[in-house]
Structure formats: structure tokens, C-alpha cells
Amino acid sequence: MNQSKDKAFILKFSGIILGFIVLTVVLVFVARSMQGEPDSDANPSQVFLEEKRIQPVSNVRVGAEGMAALAEAQAVSAPAATAGGGEIDGEQVYNGLCQTCHSMGVAGAPIPGSEPMAQRFSEKGLDTLVSSVINGLNVMPPRGGNPALSDDEIRAAVEFMLN
Ligand code: HEC
């Protein structure tokens, strides 16, 4: 008696659940047909940003376009290279690189204005000190680690350190 009641209940109940499942699926399809396929490419600003994100880090440009880009880059960087009316600023070179070791005496780097610095100068002379920097000396890498520095820039920095 009880068992047949249970059976009837389970049957009814599974029927209801099945009905809900069918309803869910139907609603999903209805909702989809109402909205249409999402189309992210339709947004122009998003397209722009996406293209920007996948650009190569650096572009190789050749021919006339490359020459124009080169001229533009040189025009932009030229004033910086000749700052101070073409005069090389030893202080600027020193502050930009050399002071990282020489202001604190890292690894025995002679500190400007100190006794060891003056001693090296009186023993070796300016030219030798300059060539030490150009060629590197023990811990100090050639040109203080910046191969882009010219001999004149190195000399100006050394002169600044001795003043
Ligand atoms: C990585 C640290 C470091 C940097 C950067 C560095 N130096 Fe040095 N420098 C040293 C050390 C260390 C010595 C001492 C080397 C020795 O005598 O063993 C030294 C020595 C020198 C000397 C004395 C050379 C000699 O013959 O006795 C001069 C002059 C000098 N540096 C100038 C410079 C200038 C100018 C720059 C920047 C262009 C520079 N250094 C950048 C670490 C550095």
C-alpha cells in the first residue's frame, strides 16, 4: 500500500523535474535567438585595441619609409646629444653612470675628491686614468659599462671627477 504510494510520488516528481529540464533548454534557445550571436569585432575601439596589443615589439622598416623614420628619430635625439651647445657635460656623464660605483666607492672605486683619487691622478696622470676607464680596470667595465660613451665623454667625466 505504502510502497505503491511512494512509487506514484516518485513518478510524478520525476515528471515535474523532466518538465523543468525541458523548459530550461527551451528558454536557453529562446534567449539565444533573441540576442543573436555576440560579435566583438563590431566594436571599432575594441578592434583597434586588439590590433595594438598584438603588434610586434619592434618593427623593421625598410626603403623610403625606413629612411624617413630614421631621420625622424635622429632629429628627436640630436638635441639631447648636443645639449649645452655641443659641449660635453662631464658632470652629466658622471651622474648618469659613473656615480653608481664612484660616489660610494663600490668595490674600491676611488671616490672623487678623496685621497686615493688624487693619488691615482698624481701617479698616473689624466691620460692613463682616461684609458683605464676606456679599457676597463679590474671590476670597472670598459667605458664604465656603457659602450656608447665616446672617448671625449669619458675624458670629460674623469676631468669632472678630478675637479
Ligand atoms: C661598476 C662600477 C664602476 C663604474 C660604473 C665606473 N667605475 Fe670607475 N672604477 C671602478 C672601480 C672598482 C675602480 C678601481 C679599479 C681598480 O683600481 O682595481 C675604478 C677606477 C676608476 C678610475 C681610476 C683608474 C686608474 O687607472 O686608477 C677612474 C678615473 C674611473 N674609475 C672613472 C670612471 C668613470 C669616468 C666612469 C663612468 C664613465 C666610471 N669610472 C664608472 C668602478 C666603476
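Presented here is an overview of the structure given in this document. (Residues numbered from 1 in each chain as written. Predicted model: local features only at pLDDT ≥ 70, side-chain atom pairs only at ≥ 80, totals over all residues.)

1. Topic: the overall build of the protein chain
Under the convention used in this document: Starting at the N terminus, helices and strands are each numbered in turn, a helix being any DSSP run of H or I of at least four residues and a strand any DSSP run of E of at least two. Counting other C-beta atoms within 10 Å of each residue's C-beta, where C-beta atoms are placed from the backbone, gives the exposure class: buried for 20 or more, exposed for 12 or fewer, partly exposed between. With C-beta atoms placed from the backbone, a contact is any residue pair whose C-beta atoms sit within 7 Å.
Broken down by element type, the protein chain carries 7 helices and 0 strands. Start at the N end of the protein chain and walk to the C end: the helices and strands fall as α-α-α-α-α-α-α. Residues counted as buried form 11% of the 163 residues belonging to the protein chain. Restricting to contacts in the protein chain with at least 6 residues of sequence separation, those with at least 24 account for 52%.

2. Some details on helix 7 (residues 151-162)
Each turn of an α-helix holds 3.6 residues, which means side chains three or four residues apart point in the same direction. What counts here: To estimate how far a helix should extend, the number of its residues minus one is multiplied by 1.5 Å.
Compared with an ideal rise of 1.5 Å per residue, which puts 12 residues at 16 Å, helix 7 spans 17 Å between its outermost C-alpha atoms and is within 8% of the ideal. Considered for burial, the residues of helix 7 that qualify are Glu153, Ile154, Arg155, Ala156, Ala157, Val158 and Met161. Where helix 7 is buried, its residues contact helix 4 (90-102), helix 5 (115-124) and helix 6 (126-135).

3. Details of the site of the ligand
Operational definition: Working rule for contacts: place C-beta from the backbone, and if it is within 6 Å of a molecule or strand, that residue counts as near it. Gly is placed with the polar residues, together with every amino acid not listed as nonpolar (Ala, Val, Leu, Ile, Met, Phe, Trp, Tyr, Cys and Pro) or charged (Asp, Glu, Lys and Arg).
Taken together, 27 residues form the shell around the ligand, and within it Cys98, Cys101, Ser132, Met140 and Gly144 come nearest. Contributions of two or more residues to the shell around the ligand are made by helix 4, helix 5, helix 6 and helix 7. Counting residues per element, the shell around the ligand draws most heavily on helix 4, at 6 residues. Partitioned by chemical class, the residues of the shell around the ligand number 17 nonpolar, 8 polar and 2 charged.

4. Focus: the nonpolar core
What counts here: Defined on buried residues, the nonpolar core groups Ala, Val, Leu, Ile, Met, Phe, Trp, Tyr and Cys residues joined through C-beta atoms within 7 Å.
One finds Ile88, Val93, Tyr94, Cys98, Leu129, Val133, Leu149, Ile154, Ala156, Ala157, Val158 and Met161 forming the largest nonpolar core, which totals 12 residues. Going through the elements one at a time, helix 4, helix 6 and helix 7 are the ones with two or more residues in this core. Examining the composition of this core, we find that 5 residues originate from one element, helix 7, more than from any other. Apart from the residues lying within four places of it in its own chain, the contact partners of Ala157 are Gly90, Val93, Tyr94 and Cys98.

5. Overview of the packing of helix 6 against helix 7
The test is simple: Axis definition: a line fitted to C-alpha atoms, limited for helices to the stretch in contact. Angles are taken between N-to-C directions and run from 0 to 180 degrees. Roughly parallel refers to an angle under 35 degrees, roughly antiparallel to one over 145, roughly perpendicular to one between 65 and 115, and oblique to any angle outside these ranges. Crossings are sorted by hand: turned counterclockwise from the far helix by less than a right angle, the near helix makes the crossing left-handed, and turned clockwise it makes it right-handed.
Close contact between helix 6 and helix 7 brings their axes to 9 Å; oriented N to C, the two are set at 120°. Taken as axis vectors, helix 6 and helix 7 run oblique relative to one another. Of the two elements, helix 6 crosses helix 7, and the hand of that crossing is right-handed. For the pair formed by helix 6 and helix 7, the contact residues are Leu126, Leu129, Val130, Val133 and Ile134 on the first element and Asp151, Ile154, Arg155 and Val158 on the second. Tallied by class, the residues present in the contact of helix 6 with helix 7 amount to 7 nonpolar, no polar and 2 charged.

6. Quick notes on unusual backbone geometry
With a phi close to 55°, Ala107 is a non-glycine residue in the positive phi region. Tracing the backbone shows Ala107 in the loop between helix 4 and helix 5. Residue classification places Ala107 among the exposed positions, given that 9 C-beta atoms sit within 10 Å. If you check the backbone angles, Asn138 has positive phi at about 50° while not being a glycine.

7. A few points about the environment of Val139
Along the chain, Val139 turns up in the loop between helix 6 and helix 7. Each C-alpha atom, one on Val139 and one on Gly108, is 8.7 Å from the other, the two residues being 31 residues apart in sequence.

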